[in-house]
Amino acid sequence: MMTEQNTAIKLLVLPGDGIGPEIMREVRHVISWLESRRGLSFDITEDVVGGASLAEYGEPIRDEVIEKAWAADAVLFGSVGDPKWAHVGFEKRPEVAILKLRQELGLFANLRPAKVFDALVDASTLKPDVVRGLDIMIVRETVGGIYFGNPRGIETLPDGSKRGVNTEVYTTSEIERVARVAFDLARKRSNRVCSVEKCNVMESGLLWKEVVTDVHAKEFPDVELSHMLADNCAMQMVRNPRQFDVIVTGNLFGDLLSDLASMLTGSLGMLPSATLGAVRENGKFPALYEPIHGSAPDIAGQGIANPIAQILSFAMLLRYSLNKQEEANMIEQAVSNVLESGLRTADIMSEGMARVGTSVMGEAIVRELDKLQK
Ligand code: NAD
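Computed from a predicted structure; not experimentally measured. Throughout this description, residue numbers start from 1 for each chain and increase along the sequence as written. Totals for whole chains, interfaces and linings use every residue, but because this is a predicted model, local features are given only for residues with pLDDT of at least 70 and side-chain atom pairs only at 80 or more, for both listing and counting. Think of the side-chain values as coming from all heavy atoms in the structure, minus any hydrogens and water.

Attention now moves to the environment of K374. Each helix is a run of DSSP H or I of at least 4 residues and each strand a run of E of at least 2, with the numbering of both proceeding from the N terminus. Within the element layout of this structure, K374 appears in the segment after helix 13 (358-373). On a C-alpha basis, the gap between K374 and I61 in space is 42 Å, while along the polypeptide they are 313 residues apart.

Attention now moves to the pattern of salt bridges. Every case where a carboxyl oxygen of Asp or Glu lies within 4 Å of a side-chain nitrogen of Lys or Arg is listed as a salt bridge. Counting across every chain of the model gives 23 salt bridges. For D259, the salt bridge goes to R112, with nearest N and O atoms at 3.2 Å. Here the residue D259 occupies a position in helix 10 (residues 251-265), and R112 occupies one in strand 4 (residues 109-115), the gap between them amounting to 147 residues. Residue exposure (1.4 Å probe, protein chains only): buried if accessible area is under 20% of the type maximum, exposed if over 50%, otherwise partly exposed. Relative accessible area serves as the criterion here: at 41%, D259 is assigned to the partly exposed category. Note on R112: relative accessible area 13%, which makes it buried. Within this structure, D47, R62, E64 and K68 form a network of salt bridges that share partners.

Among the secondary structure elements, E174 is positioned in helix 7 (residues 172-187). For the buried residue E174, which engages in no salt bridge, the nearest side chain bearing the opposite charge is R177, 5.0 Å off. Counted as a polar contact is a pair of N or O atoms within 3.5 Å, where, for protein atoms, one must be capable of donating a hydrogen and the other of accepting one, and residues adjacent in sequence contribute only when both atoms are in side chains. Looking at E174, its side chain comes within polar contact range of the main-chain nitrogen of T171, at 3.0 Å. Note on contacts: a residue pair is in contact if any heavy atoms of the two residues lie within 4.5 Å. Contact partners of E174, with chain neighbours within four places excluded, come to E141, G144 and V169. We count Lys and Arg on the positive side and Asp and Glu on the negative side, and we leave His and both chain ends out.

Near is defined per residue: the residue qualifies when any heavy atom it owns lies within 4 Å of the molecule or strand. In the vicinity of the ligand lie 19 residues, with E95, G294, A296, D298 and N306 positioned nearest. H293 places a polar side-chain atom, nitrogen or oxygen, 3.2 Å from a nitrogen atom of the ligand. For every accessible area listed, the method is Shrake-Rupley and the probe measures 1.4 Å; residues are considered covered only by the protein chains on display. Here the ligand loses 66% of its free accessible area of 810 Å² to cover by the protein chains. Taken together, the residues that form the shell around the ligand break down as eight nonpolar, seven polar and four charged. In the scheme used here, Gly and all other residues not listed as nonpolar or charged are polar, with Ala, Val, Leu, Ile, Met, Phe, Trp, Tyr, Cys and Pro taken as nonpolar and Asp, Glu, Lys and Arg as charged.

In spatial order, the strands read 2-1-3-12-11-4-5-10-8-9; together these ten strands make up an open sheet with mixed pairing. Where the open sheet ends on each side, the last strands, each with one partner, are strand 2 (42-46) and strand 9 (224-229). For this sheet, the mean angle separating the axes of adjacent strands, direction not counted, is 20°. Criterion used throughout: strands pair if DSSP finds at least two bridges between them. Of the strand pairs in this sheet, strand 8 (residues 192-197) and strand 9 are connected by six bridges, and their pairing is parallel. When the bridges of strand 9 are listed, E197 appears paired with L229. Its contacts with the sheet place helix 5 (residues 96-104) against strand 1 (9-16), strand 3 (74-79), strand 11 (272-276) and strand 12 (287-291), and it is angled at close to 150° to strand 12. Structural elements are reduced to axes, namely lines fitted to C-alpha atoms, with helices fitted over the stretch in contact, and the angle between N-to-C directions of any two is expressed from 0 to 180 degrees.

Structurally, the α-helix is built with 3.6 residues per turn, so residues lying three or four positions apart point the same way. Buried within helix 5 are the following residues: V96, A97, I98 and L101. Where helix 5 is buried, its residues meet strand 1, helix 4 (63-71), strand 3 and strand 12. G106 sits one or two residues past helix 5 and shows a positive phi near 65°.

Backbone torsion omega between N150 and P151 reads 0°, so that peptide bond is classified as cis. Tracing the backbone shows P151 in the loop between strand 5 (135-141) and strand 6 (153-156). Its identity as a non-glycine residue notwithstanding, A296 has a phi of 40°, on the positive side. Mapped onto the elements, A296 comes out in the loop between strand 12 and helix 11 (308-320). At N323, a position not held by glycine, the phi torsion is positive, near 55°. Note on N323: relative accessible area 55%, which makes it exposed.

Next up on the list: the state of the cysteines. Only a pair of cysteine sulfur atoms within 2.5 Å counts as a disulfide in this structure description. This model, assessed by the stated rule, comprises zero disulfides. Between C194, a cysteine without a disulfide, and C233, which holds the nearest cysteine sulfur, the sulfur-to-sulfur distance is 5.6 Å. Given the relative accessible area of 5%, C194 is considered buried.

Next up on the list: the layout of surface pockets. Taken as a whole, the largest pocket encloses approximately 770 Å³ of empty space. The pocket and cavity definitions rest on a 1 Å grid over protein atoms only: a 1.4 Å probe that fits but cannot leave marks a cavity, an open set with protein on both sides within 12 Å along at least five of seven lines marks a pocket, and residues lining either have an atom within 4 Å of a point. If you go around the largest pocket, you meet 29 residues; those closest to its centre are I98, L99, R102, R140 and E290. Sorting the residues of the lining of the largest pocket by element identifies strand 3, helix 5, strand 4, helix 10, strand 11 and strand 12 as the ones contributing at least two each. A total of six residues in the lining of the largest pocket trace back to one element, the largest contributor, which is helix 5. Taken together, the residues that form the lining of the largest pocket break down as eleven nonpolar, ten polar and eight charged. When residues of the lining of the largest pocket are sorted by domain, at least three fall in each of domain 1 (1-108 + 277-374) and domain 2 (117-267). Grid points are joined across faces, edges and corners, and a volume is the space filled by probe spheres set on the points. Boundaries of every domain are those given by an automatic assignment or by a domain database.

These values are about where atoms sit, not about what they do.
What follows is the structure, given as structure tokens:
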């Protein structure tokens, strides 16, 4: 039908290596369910990246795939990395695929939710009372800061010793655009943003604080804004993590704090992420959604990987790129219900629960969606 073709959602699906294809298969079942039961229409292109692309084309990602990513409404990525390619030079490693996609699409804001499902409250190394109900969103700037600033390098001094240099650099516009993403997100959540830097010892942190304060006053006065030093934030996240809603921070602190936050939930196989680029003239923005875990080569091909992080990444795609809040909520609720029912993949297994493989977990989530739809 013409109308369906016109409104079909264009997705680029890149399963990648290791467990990527296994867990992506379960997302495809969720997509089929949305098409048959919710009337959504997807126009899906699938391609190879990482080790799979090296094997077929001799490079970790082709320009053609980057072009397809630009043409899509969103990219759903699995994971890349395969020990088979450990011997190749850095520029040919499978992992280059994801780095290049982020760089070429200008993906500057990484969104990492750290949410604790009630059924998994015991999986955290922190006390259940501290993490129960935890739902944090960390927004990390990913293309600026100390990882990319100049001057950088290792130089040899006249006395023969060496000096390593990296430079933390942020411009007003880089801070403004990531702050807007954070404030926008907060409006869809509990309306609170905590901006994190080290303005006590870093000029870049001072500018960060000034610019975030300015964007807040001019564009988002309805959102509650607080500021925190990065070292205190790390401490508060372990002491009382539920005080946070959205945290916005630069590349380096975001790298550390998002790993810290994800471990509050205790399970790598459960955590999705999104990376967003700048809004274009047509109102759309490039976006890539992927689990935070890697390709898990140690368990690849065994049918035991947890598909939930990949499925929740797809739920984020529905929420942020397509504004399909209802469907995203349904998927998150279905995951929660399945966990409540006692099903567990090996990585989140605990005493008295029923251990299942990748496909049984995926099927259970689709069955739960069916129940929620009725
Ligand atoms: P990893 O996340 O792949 O695995 C760490 C541990 O967690 C392993 O024991 C693995 O079995 C387990 N695990 C991860 N995801 C799981 C899931 N869904 N279900 C059950 N268990 C799961 O990290 P690693 O072992 O350090 O890296 C493996 C490869 O992945 C490397 O080549 C690395 O470069 C790559 N990697 C890629 C990405 C990405 O594609 N964005 C991210 C991280 C690592």
